Structures are given as structure tokens and as C-alpha cells.
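Chains, contacts and geometry: an overview
Each chain, letter by letter, is given below.
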Amino acid sequence: MAAEKVDRGRIEISRDECKGCQLCITVCPVHVIELDEGLNRQGYRPVRYTGAGCTGCGFCFYACPEPGAITVFRLARSA
Amino acid sequence: MNSPVYEPFLQKPRSFYDTYERKSGIKEVTHYCPGCGHGELHKMIAEAIDEFEIADRTVLISPVGCSVFAYYYFDVGNVQAAHGRAPAVGTGVQRARPHSIVMSYQGDGDLAAIGLNEILQAANRGEKMVVFFVNNAIYGMTGGQMAPTTLPGMTTTTSPGGRKVEDSGAPLRMAELISQLEAPVYVARGALCSAKDISRTRRLVRKAMKVQVEGRGFAFVEVLSACPTGWGMTPPDSYQWIHEKMKPYFPLDVFVDRTDETFTAPAPKEPVPLEKYHEVMRIDSSDQLSFPPAQPLDPKYANPRLKIAGFGGQGVLLLGLGLAQCGMMEGRRVSWLPSYGPEMRGGTAHCHVNISDDEIGSPLVSQPTVLIAMNQPSLEKFESQVAARGLVLLNTSMISKRPDRDDLEVLDVAASEMAQKLGNPRAANMIMLGAYAGYTGMIGEKTIEAALGAIIKKRHLIELNVKAVAEGFALGRAARG
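Scope of this entry: the structure provided in the associated data block. (Residues numbered from 1 in each chain as written. Chains lettered and ligands numbered in written order. Predicted model: local features only at pLDDT ≥ 70, side-chain atom pairs only at ≥ 80, totals over all residues. Heavy atoms only, no water.)

As a further point, take the packing of helix α2 (residues 86–96) of chain B against helix α4 (residues 116–125) of chain B. All names here are of chain B. Running from amino to carboxyl end, α2 crosses α4 at an angle of 35°, the nearest separation of the two axes being 8 Å. Within the contact between the two elements, α2 uses Pro87, Ala88, Thr91 and Arg95 and α4 uses Glu118, Ile119, Ala122 and Arg125. Tallied by class, the residues present in the contact of α2 with α4 amount to four nonpolar, one polar and three charged. (Axes fitted to C-alpha atoms, helices over the stretch in contact; angles between N-to-C directions. Helix = DSSP H or I, 4+ residues; strand = E, 2+ residues; numbered from the N terminus. Contact = heavy atoms within 4.5 Å. Nonpolar A, V, L, I, M, F, W, Y, C, P; charged D, E, K, R; others polar.)

Take a negative patch on the surface next. Residue and element names in this part refer to chain B. Among the surface-exposed residues, Asp18, Glu28, Asp56 and Asp75 lie close enough to one another that they form a single negatively charged patch. Of note, Glu28 is situated in the loop between β1 (5–10) and α1 (37–52). Given a relative accessible area of 30%, Glu28 falls into the partly exposed group. (Patch = residues over 30% accessible without salt bridge, like charges linked within 9 Å, V, L, I, M, F, W, Y side chains within 5 Å. Areas by Shrake-Rupley, 256 points an atom, 1.4 Å probe, with all protein chains shown as cover. Salt bridge = Lys/Arg side-chain N within 4 Å of Asp/Glu carboxyl O. Lys, Arg positive; Asp, Glu negative; His and termini not counted. Charge placed at Lys NZ, Arg CZ, Asp CG, Glu CD. Buried < 20%, exposed > 50% of the residue type's maximum accessible area, 1.4 Å probe, protein only.)

What follows deals with the nonpolar core. In summary, soluble globular proteins display a tendency toward joint burial of nonpolar side chains. Residue and element names in this part refer to chain B. Counting 74 residues, the largest nonpolar core has Leu41, Ile45, Phe74, Phe132, Met209, Trp231 and Met246 as its most contacted members. Ignoring sequence-local partners within four residues, the contact set of Met246 consists of Asn135, Asn136, Ala137, Leu151, Leu224, Trp231 and Trp241. Core analysis: the next-biggest nonpolar cluster, separate from the first, contains 46 residues, Leu393, Met430, Ile455 and Ile462 among them. (Core = buried A, V, L, I, M, F, W, Y, C linked by side-chain atoms within 4.5 Å.)

Below, the discussion takes up unusual backbone geometry. All names here are of chain B. At Glu53, a position not held by glycine, the phi torsion is positive, near 55°. Relative to the assigned elements, Glu53 resides in the loop between α1 and β2 (58–62). Phi angles above zero are rare outside glycine, and Arg389 is one such case at about 60°. Tracing the backbone shows Arg389 in the loop between α12 (376–382) and β15 (391–395).

By themselves, these are just geometric observations and shouldn't be taken as functional.
Set out below in C-alpha cells:
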């Protein structure tokens, strides 16, 4: 029985803190960040996590100019 | 099967405030444009402050430029410096409070243009501070003008045909320039334009902060940083532009690293207690006289905020200084702020004085409780500013009109004529000082006599001024009845 693939990381993006600069998209090595639909409270088109494939590398966190827009999580344990 | 458990790995550093109280609206975001490099560098610095647990003793010297508002973001001490002067202000902070971690954060207009002297001198003295130099090749805040770091041929609002090296010189390579000095311990340049460069810059920032934690000396980190708005490109394109255009001219390197040299940091000194400042400043206070504080004759005269105005030559600044000196000698908190404007000759000169039992928030007196008007233009100019039911002292020798307002308490003093009778019309200011003291009781007559010795340089004039004060004091007391 093949084990279900578990991502090593996960990110949360605060939709209203994002300014849509897309630098996180530029630096993400596994291409799991994309533009979201619509505009946020600031009037920018924010980004979102595609929901799968994050490795928890943290590149997006340091490329993001907003202090609290991105939080990176890493897998503590699975199963 | 249990679902996988994730734990936070990277999150907003603790040394940022939770919310930024700059403006109403969304208080979780910075004022920076999308893709601005300042935010990235802020995050690295905040992370280092967290790691070394130095938030309580870090003092950020914020500059003039877009990052002027850094104090809304970093939960550390702050002094806002005049344009380019952050290294000079940082020097003062570090020397007065040796235990603090001093951090100057400056842009290229601030550091490499107007503040070039300050940064070079501070670096050359080896001041214990870290300087973060954000190089985005233009003046960002003011709309993208040419800066000392603007690249050859680069178009800006003030170099529409591209920067010409033959006219404007070549761009300044600040890290290289500073690395030529003897004192700096650590000088490096990083860039914010790719995951790899960002990781490297984080290490530079951390190391420069570590130099401070260890008390080693001066550290300088230049950071090539994007200004997508000023450059007129998207943030991803600005990353590319740093990579292709800026890096070749501003090579990334560690230019000086003396952190491996044997070094024994002196034991961190405790902050100097306030009562010992005169020792640090080498002020001999043995001849400072002190007097018990005089009590105002009416509670409304307590904690006065004074504006003193006249024309140049009437000694209004000295009058203010005298009041402040008296207040100080009576153990009160005082401030004296002279106002030098581009006034016409014979126009009004004025000063602001606070005398207070509590701490003084600002030396500026915008709503005086007392106006001392030595000539008519001063009354006309400042009458409207006086607080409700405030006190106005009029030099009636020079003022023929009455105040327009009817809520003001007015004391008439023919100061210039009285001074003339004493033999010197220039003593009118001291007559006014005496009249104020006598009328309000805010200052003791003995204090004024002693204060004159401290503020009047020409010894032979002291006797005349003491007489003038006495006449004014008697007039003020008599008017009280």
C-alpha cells in the first residue's frame, strides 16, 4: 500500500496584507504560489498558495516585503 | 491515519509591532510600495534583533527618505535624525548609552549625498554602530531623482538624458570607499534580487548585528535594493534589473572582515544615571547655585508657556534665556527655543520658553499662556495665539494699541522708558523680566540676581541689569496690589 504523499511544508498568506508584488512567485522553486482572484481590502490583487507541493524552504518569506503577509510552516510529524 | 502536523517555521519577527499606528485603515501593512526592498531588509534586521534578544537595548536612528517611518515598525528605541545626520546622532546615543546597540538605517540620498561627511567620519572613528545602507540608485521618496549611486546612463527625473559621468561624476561605491578606512570592523555589500542573494544578505545582516552584540566596532552593510515604483518596472523585473545592471557596477563582496582578529570586548557599561550626567559631560556644577522654587501668586501662573517677542536688539532672546535660567536654578524643568527666521531688519524676533514642574514634551510654544510683547508688531502677530485668559505683558513705551481680545489679563510696563531713565534703553528686557517675576510670583527676586551673573557676559553691565530687574519687580508687585 503506497503511503499518501505528505508535503514537507505549508504556507499561509494573509490576503489583506499582500500587495501583489509577486516576488514570492518569482522566487518559489516549486511554483506553488499563484495570483488569487479579485482584489483585497488594500485594492491589490493578492497571491495565494495553490494548496499542495510546498517544501517549506522559506524563500517566499524572505522575498516578501511585508512583515506578516506570509507564514511558513514545516512538517512536524505525519501519520 | 492522523493528519500531518505542521508547526510555524518562519513568521513575523517579534521585534516588529503587531500593528502599525501610522494611519487609520489597515494597520498590519507597511507604507512601502509593492516589491520595495525596504520591507525585505526590515525583516532580516528584525529577525537578527530577535535572535540576539537585543530589542530592549537597540536604538534605531531613522533617516530622511522612505524609511523615515521605520519607527512605526520596529519595536525598539528610536531617534529620528535630520537628513544625513544619523551617524552623528548615533555617535551621541552610543557614547551616552554605551550599552545600547545603535543601528543606523539610511538610503543613498541620505547617506551618500547630504550625509556623506557624517558617515565617513563616524566610520573613521570606528563608532560602535551598524549602518544599513539601502542603495536603490535613486532618490525614492521624492520621486526618483538622480542620486550619487545612479548608474551611468541611467534615466531619472533629473537626468532625463541619462546620467553623464563627465558632468555628474561616476556613481559612488560606498562600501569600497568605507573599506579604505582604518577603523571599520566589517564592511560588506549584498543584494535583494534572488533567493540566493537574499539568503546571503541575511547572513551579512546577522554578522553585522553580531559585531554590535560583541561590541567590536563599526559595521557597514550596503544592500542593493529594488525601487520598482521609482524605476518604473514590475517588482520581478526590478529583481532582474538589480542582477543585470547594478551588480556589475556594485560587486557583491565582503570588503572588510576583522571579526576573526583577537578582540576582548570591554565589559558592557551600565547606562549613566541621570544625576551623573554632569560628570560625563564634564560640567563643573560646584558653582551652580540653587534656590527654593518660588510659588506663583495665583495657581493659574504655574507651569507657564511663554512667548517673548520684540524686534532684534531688544534682547528678547536674552530675556527668555534669563527666565529659563531662573527656572532651572529653582529646580524646575525648562526649555528655551530661539526662533531665527529670515526676518527683515527691525522685524520681530522671538523665543519660546517653558518652565514646568513636569517633563516638557516639546520646546515649541504654539499656544502661550504668557506673551511678553516688546513692540507693536509682536502683539499683532502673536495675540491670537495666546491661550484663553492668558497673561500679556505690554511694553507700552512701544505699543500704543490695546489687545483686541477682551479675555486677556494685561500688565502694562513702560519698559523702554524706565530703562532709559536708568541710563540704558537696552535694559528694557530686564525690566520686563522683573515685572513678570514680581507680578506672577513664578520666580524669586534673589534667583534673578544670581541668574544674571550666569547669563550676562559683560560684567560691568550686571549692576545696571540688577537695578532694572528690581524696578520691574517692584512695578509688577505693585500692580498686583
